[in-house]
Amino acid sequence: MRMPADDPAAAHFLARRAVELGVTFIDTADSYDLGRNEELLAEALHPYPDDIVVATKAGQCHPGDDWIPLGRPEYLRQQAELSLRRLRVDRIDLFQLHRVDPAVPLADQIGALRRLQDEGKVRHVGLSEVSVAQITEAAGITQIVSVQNRYNLEDRRSEDVLEHCERHGIAFLPWLPIAPSVRPGSPVAEVARRLGATPAQVALAWLLRRSEVVLPIPGTSSLRHLEENAGAVHVALSDEDFAELRDHVR
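(A) Summary view of the packing of aromatic side chains. Per the counting criterion, the structure on display carries three aromatic pairs. Both rings, one in tyrosine 32 and one in tryptophan 67, keep their centres 6.5 Å apart while their planes meet at 85 degrees; by these two values the pair is edge-to-face. With tyrosine 32 in the loop between strand 1 (25–27) and helix 2 (36–45) and tryptophan 67 in the loop between strand 3 (60–61) and strand 4 (68–69), this residue pair connects regions lying 35 residues apart in the sequence. A residue is classified by how much of its surface remains accessible, and tryptophan 67, at 33% relative accessible area, is partly exposed. With a centroid separation of 5.1 Å and an interplanar angle of 10 degrees, the aromatic rings of tryptophan 206 and phenylalanine 242 are classed as stacked. One end of the pair, tryptophan 206, is in helix 8 (residues 199–210); the other, phenylalanine 242, is in helix 10 (residues 239–248), and 36 residues separate them in sequence.

And the structure:
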């Protein structure tokens, strides 16, 4: 989301460096810089390595400062076609409904994605910012392989959704996975100090330890932050560290 669209060379380098660091899942959307984010990824990585999964989203437009759900079936189809073109692929690995449009029946929105699957233009379908009830309804129309809800150490309102994903083998992709405020002397900062890690790395390591279905998707425009985030996989939290953060950071 935060790739520097005004500096294509830097954006290309950032994407390629992510792959060098072992990142194999990349999440974008049609609404990030009006599709420019998808184009930058294609410019940097196409033809994509076999082990790279590129996910995109449609169903939310971003005119100016507002984010507006837009889930009419004809719009979702249009955006899928545009994403195919911008990403330079014949089939989107994972196509996610960016937001549920309250003005359109959910069955119609998921039905549009199912038709794209049937036509071979979409491989897997995912959801974003949904409830357990909405996941269950959508799963009656097509298999749901991922759910992308806001979730981090300080915001665990989607705990029931994560637990549902665990029970049903659905990938859970926390957006904004690094809590926006980590204060000096906080439990996160203290654990980071003990482990010789950064607070951001500890926050991501906690999510990775939380469940095998969790795949955090931190965004960045900074090479330093990218490398810092990727290093979280090497931070080993003890049982005590994990429990302390679980119980004392909210």
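(B) Quick look at the pattern of salt bridges. Under the criterion given, the structure shown has 20 salt bridges. Its salt-bridge partner being arginine 36, residue glutamate 43 comes within 2.8 Å of it at the nearest N-O pair. For glutamate 43, a relative accessible area of 29% corresponds to the partly exposed category. Note that arginine 246 and aspartate 247 form a salt bridge whose closest N and O atoms lie 2.9 Å from each other. Given the relative accessible area of 37%, arginine 246 is considered partly exposed. Overall, the relative accessible area of 47% leaves aspartate 247 in the partly exposed class. Each of Arg77, Glu81, Glu119 and Lys121 takes part in one network of salt bridges that share partners.

(C) Structural view of the environment of histidine 225. Its location among the elements puts histidine 225 in helix 9 (residues 223–230). Here the alpha-carbon distance between histidine 225 and serine 83, two residues 142 residues apart in the chain, equals 27 Å. In terms of polar contacts, histidine 225 uses its side chain to reach the side chain of arginine 224, at 3.1 Å.

(D) Representation of helix 9. Taken residue by residue, helix 9 has Leu226, Glu228, Asn229 and Ala230 as its buried positions. Looking at the buried residues of helix 9, the elements they touch are helix 1 (8–20) and helix 8. Among the residues of helix 9, the N-terminal cap falls to serine 222, whose side-chain oxygen and the backbone nitrogen of arginine 224 are separated by 3.2 Å.

Rules of the game
Residues numbered from 1 in each chain as written. Predicted model: local features only at pLDDT ≥ 70, side-chain atom pairs only at ≥ 80, totals over all residues. Heavy atoms only, no water. Phe/Tyr/Trp six-rings, centres within 6.5 Å; stacked < 30°, edge-to-face > 60°. Helix = DSSP H or I, 4+ residues; strand = E, 2+ residues; numbered from the N terminus. Buried < 20%, exposed > 50% of the residue type's maximum accessible area, 1.4 Å probe, protein only. Salt bridge = Lys/Arg side-chain N within 4 Å of Asp/Glu carboxyl O. Polar contact = N/O pair within 3.5 Å; in protein donor to acceptor, adjacent residues only side chain to side chain. Contact = heavy atoms within 4.5 Å.

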